[in-house]
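An overview of the molecular structure
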Amino acid sequence: MRHQATRRRRAPSETSSIASSRRSSFAQNGNSSRKSSELKGPCEKVVHTAQDSLFSTSSGWTNFRGFFNLSILLLVLSNGRVALENVIKYGILITPLQWISTFVEHNYSIWSWPNLALILCSNFQILLVLGVEKILERGWLGNVFAAVFYTTLVILHLMIPVVVTLTHTWKNPLWSVVMMGVYVIEALKFISYGHVNYWARDARRKITELKTQVTDLAKKTCDPKQFWDLKDELSMHQMAASYPANLSLSNIYYFMAAPTLCYEFKFPRTLRIRKHFLIKRTIELVFLSFLIAALVQQWVVPTVRNSMKPLSEMELPRCMERLLKLAIPNHLIWLLFFYTFFHSFLNLVAELLRFADREFYRDFWNAETISYFWKSWNIPVHRFAVRHIYSPMMRNNFSKMSAFFVVFFVSAFFHEYLVSVPLKMFRLWSYYGMMGQIPLSYVTDKIVRGGRTGNIIVWLSLIVGQPLAILMYGHDWYILNFGVSSVTNQTIVI
């Protein structure tokens, strides 16, 4: 009785605050219990309370930052060990002077660099497009001619580099990839330029018709609602107000240089060029480009070379080991390339041109479905596909699945185009990989339904799929250029 009389009483407000803290989390409940038990005797201190283990989802515990730090540390240590093993096994293979020698030719004629010559010659197609658009604007030729012209132009524009590459004895396929990438970008920009100017001509025609209708309705008594509906529809076609003033040399060349594939009459512009920003992007571009080249020469090339014999003899365990060994450097290089191109390079070009729309990518690293990944990691291509392929098909009563399939087919075609032609061999591995994204997209969208599992599948497809394609193309290219005997007699470095 004496002990009970001396026990401290809690105020009502203190009791309610303790109750609410217990309802908020088990951790706070435990802390408050321990604090209150300190005022009690040894026999009355509460040791056990009703609470779940932290790894149980019912506990509500979400702070696992320490494990994230541990995983980063293990990743650095494991990759550091592999990098050290690579240096011990092969020595230093990085030769910057050899990189520079690939730029130099003994014959300094422009035609000794056919890839550069083709890029310069593409100015003829640009001027031709501008001239044809001016003719179409004046009404001397119709839209049927425009459709035939752009179809023929795009086909020829894509075929010219193919013919030159396949008939030329250029040994380094890298420069062919760069040249053909420029030609693909120009072809897509021609399509967008033609589409938008066609929409402007159509809008201008509708404006003329609507103005006539509005004038006729204003002269006579009519339904006011019908009159204002026509006025609203007339204001919707004001996109033609900048047409044909946009048909100028400076306008089309600005579009050809701008980091976008979708043409508009007026692009958002920044007020000035930020020199500090420009210097940072330039340093990133130079440093990361050299880093990528060094990693390819030091890490990827020896791994691919030592994978030729296991692939030829179809030693599945050895092939799997080589695939996993290549996955780490390949994915690291892919991430570096993404940052170098989509952030450093495109922002550098945008800053020089004062191009204000800098959304070149979204949070593809959080993609829980394959479809969201392809919508977020390359925004310029995604916008082009939606605006000039998907939406026109939907307006012409095609199904969503048909439009979805055509978008992936076009993407698969250009992926294969940029790989097979420079390597001068056609194996369709890249094409099959892209078309395989369609059923994989169905799995992540409909079966897995996104979430953490969907994000893991997205990353797994990138980590495993790309090195697998590299090994397939590398094996076939090596046999095509050096013969089967060079592969079977190869000494493998484990």
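Criteria and cut-off values
Residues numbered from 1 in each chain as written. Predicted model: local features only at pLDDT ≥ 70, side-chain atom pairs only at ≥ 80, totals over all residues. Heavy atoms only, no water. Helix = DSSP H or I, 4+ residues; strand = E, 2+ residues; numbered from the N terminus. Buried < 20%, exposed > 50% of the residue type's maximum accessible area, 1.4 Å probe, protein only. Contact = heavy atoms within 4.5 Å. Areas by Shrake-Rupley, 256 points an atom, 1.4 Å probe, with all protein chains shown as cover. Axes fitted to C-alpha atoms, helices over the stretch in contact; angles between N-to-C directions. Parallel < 35°, antiparallel > 145°, perpendicular 65-115°, else oblique. Left-handed = near helix turned anticlockwise from the far one by under 90°. Nonpolar A, V, L, I, M, F, W, Y, C, P; charged D, E, K, R; others polar. Phe/Tyr/Trp six-rings, centres within 6.5 Å; stacked < 30°, edge-to-face > 60°. Lys NZ or Arg CZ within 6 Å of the ring centre and 35° of its normal. UniProt positions renumbered as here; feature names shortened; annotations may be inferred. Polar contact = N/O pair within 3.5 Å; in protein donor to acceptor, adjacent residues only side chain to side chain. Salt bridge = Lys/Arg side-chain N within 4 Å of Asp/Glu carboxyl O. Expected span 1.5 Å × (residues − 1). Bend = angle between axes of the 7 residues up to and from the residue.

1. Here's the deal with the overall build of the protein
When its secondary structure is counted, the protein shows 21 helices and zero strands. Taken across its 494 residues, the protein has 36% of its residues classed as buried. Across the protein, the fraction of contacts at a sequence separation of at least 24, relative to all contacts at a separation of at least 6, is 73%. A total of about 29900 Å² of accessible surface is found on the protein, and carbon and sulfur atoms cover 66% of it.

2. Structural notes on the packing of helix H12 (residues 275–305) against helix H14 (residues 316–353)
Two quantities define a packed helix pair, namely the angle between the axes and the distance from one axis to the other. One can describe the packing of H12 onto H14 by two numbers: an axis separation of 9 Å at closest approach and a directional angle of 160 degrees. Here H12 lies roughly antiparallel to H14, going by the angle between them. Regarding H12 and H14, the two cross each other, and that crossing is left-handed. Partitioned by chemical class, the residues of the contact of H12 with H14 number 22 nonpolar, seven polar and five charged.

3. Notes on the side chain of Arg-281
Structurally, Arg-281 is set in helix H12. In this structure Arg-281 comes out as buried when scored by relative accessible area, which is 5%. Contacts of Arg-281, omitting those with residues within four sequence positions, involve Tyr-339, His-343, Ser-344, Asn-347 and Leu-348.

4. A short note on unusual backbone geometry
At Arg-354, a residue that is not glycine, the phi angle is positive and equals roughly 55 degrees. Secondary-structure assignment places Arg-354 in the loop between H14 and helix H15 (370–376). Residue classification places Arg-354 among the partly exposed positions, given a relative accessible area of 27%.

5. Section: the packing of aromatic side chains
Under the counting rule described, the total for this entry stands at 37 aromatic pairs. For the ring pair Phe-145 and Phe-149, a centre distance of 6.1 Å and an interplane angle of 15 degrees mean the geometry is stacked. In this pair, Phe-145 and Phe-149 are both assigned in helix H8 (residues 143–167), four residues apart and thus about one turn of the helix distant. Residue classification places Phe-149 among the buried positions, given a relative accessible area of 13%. Geometrically, the ring pair formed by Tyr-193 and Tyr-263 is edge-to-face, given 4.8 Å between the ring centres and 65 degrees between the ring planes. Note that Tyr-193 is positioned in helix H9 (residues 173–219) and Tyr-263 in the loop between helix H11 (249–257) and H12, a separation of 70 residues in sequence. Across this residue pair, the class does not change: Tyr-193 and Tyr-263 are buried. Here Arg-274 stacks its cationic end above the ring of Phe-277, 4.3 Å away from the centre of that ring. Positioned over the ring face of Phe-277 is Arg-281, at 4.7 Å from the centre of the ring.

6. What about the UniProt feature "active site" (unreviewed entry) in the protein?
This chain's UniProt record puts "active site" (unreviewed entry) on His-415. On the accessibility criterion, His-415 (32% relative accessible area) is partly exposed. At a separation of 2.7 Å, a polar atom in the side chain of His-415 contacts the main-chain carbonyl oxygen of Ser-411.

7. Some words on the pattern of salt bridges
The final tally for this structure, using the stated rule, is 10 salt bridges. A salt bridge links Asp-202 to Arg-205; its shortest N-O distance comes to 2.5 Å. In this pair, Asp-202 and Arg-205 both sit in helix H9, three residues apart, roughly one turn of the helix. Judged by relative accessible area, which is 41%, Arg-205 ranks as partly exposed. In this structure, the salt-bridge partner of Asp-357 is Arg-383, at a minimum N-O distance of 2.8 Å. Taken as a pair, Asp-357 in the loop between H14 and H15 and Arg-383 in helix H16 (residues 379–395) lie far apart in primary sequence, 26 residues in all. For Asp-357, a relative accessible area of 25% corresponds to the partly exposed category. Looking at Arg-383, the relative accessible area reads 29%, which means it is partly exposed.

8. Looking at H16
Helical periodicity: at 3.6 residues per turn, an α-helix aligns residues three or four positions apart in one direction. Taking 1.5 Å as the rise per residue, H16 with 17 residues should run 24 Å; its terminal C-alpha atoms sit 22 Å apart, in good agreement. Largest kink in H16: about 40 degrees, centred on Val-386. The set of residues buried in H16 consists of Ile-379, Pro-380, His-382, Phe-384, Ala-385, His-388, Ile-389, Pro-392 and Met-393. The backbone nitrogen of Val-381 has a side-chain oxygen 3.4 Å away, supplied by the residue at the start of H16, namely Asn-378. One or two positions beyond H16, positive phi appears at Asn-397, with a value near 70 degrees.

9. Quick look at the packing of H16 against helix H17 (residues 400–423)
At their nearest, the axes of H16 and H17 sit 9 Å apart, and the two run at 150 degrees to each other. Read as a crossing pair, H16 and H17 show a hand that is right-handed. Counting all contacts with H16, which are made through Ala-385, Ile-389, Tyr-390, Met-393 and Met-394, the residues of H17 involved are Lys-400, Ser-402, Ala-403, Phe-404, Val-406, Val-407 and Val-410. Here the contact of H16 with H17 is built from residues that sort into 10 nonpolar, one polar and one charged.

10. As for the UniProt feature "transmembrane region" (unreviewed entry) in the protein
The UniProt record annotates "transmembrane region" (unreviewed entry) at residues 110–132, 144–168, 174–196, 282–301, 332–353, 401–420, 426–444 and 456–474. Taken end to end, residues 174–196 has its terminal C-alpha atoms 33 Å apart, with 100% of it in helix and 0% in strand. Taken end to end, residues 401–420 is 100% helix and 0% strand, and its two terminal C-alpha atoms sit 28 Å from one another.

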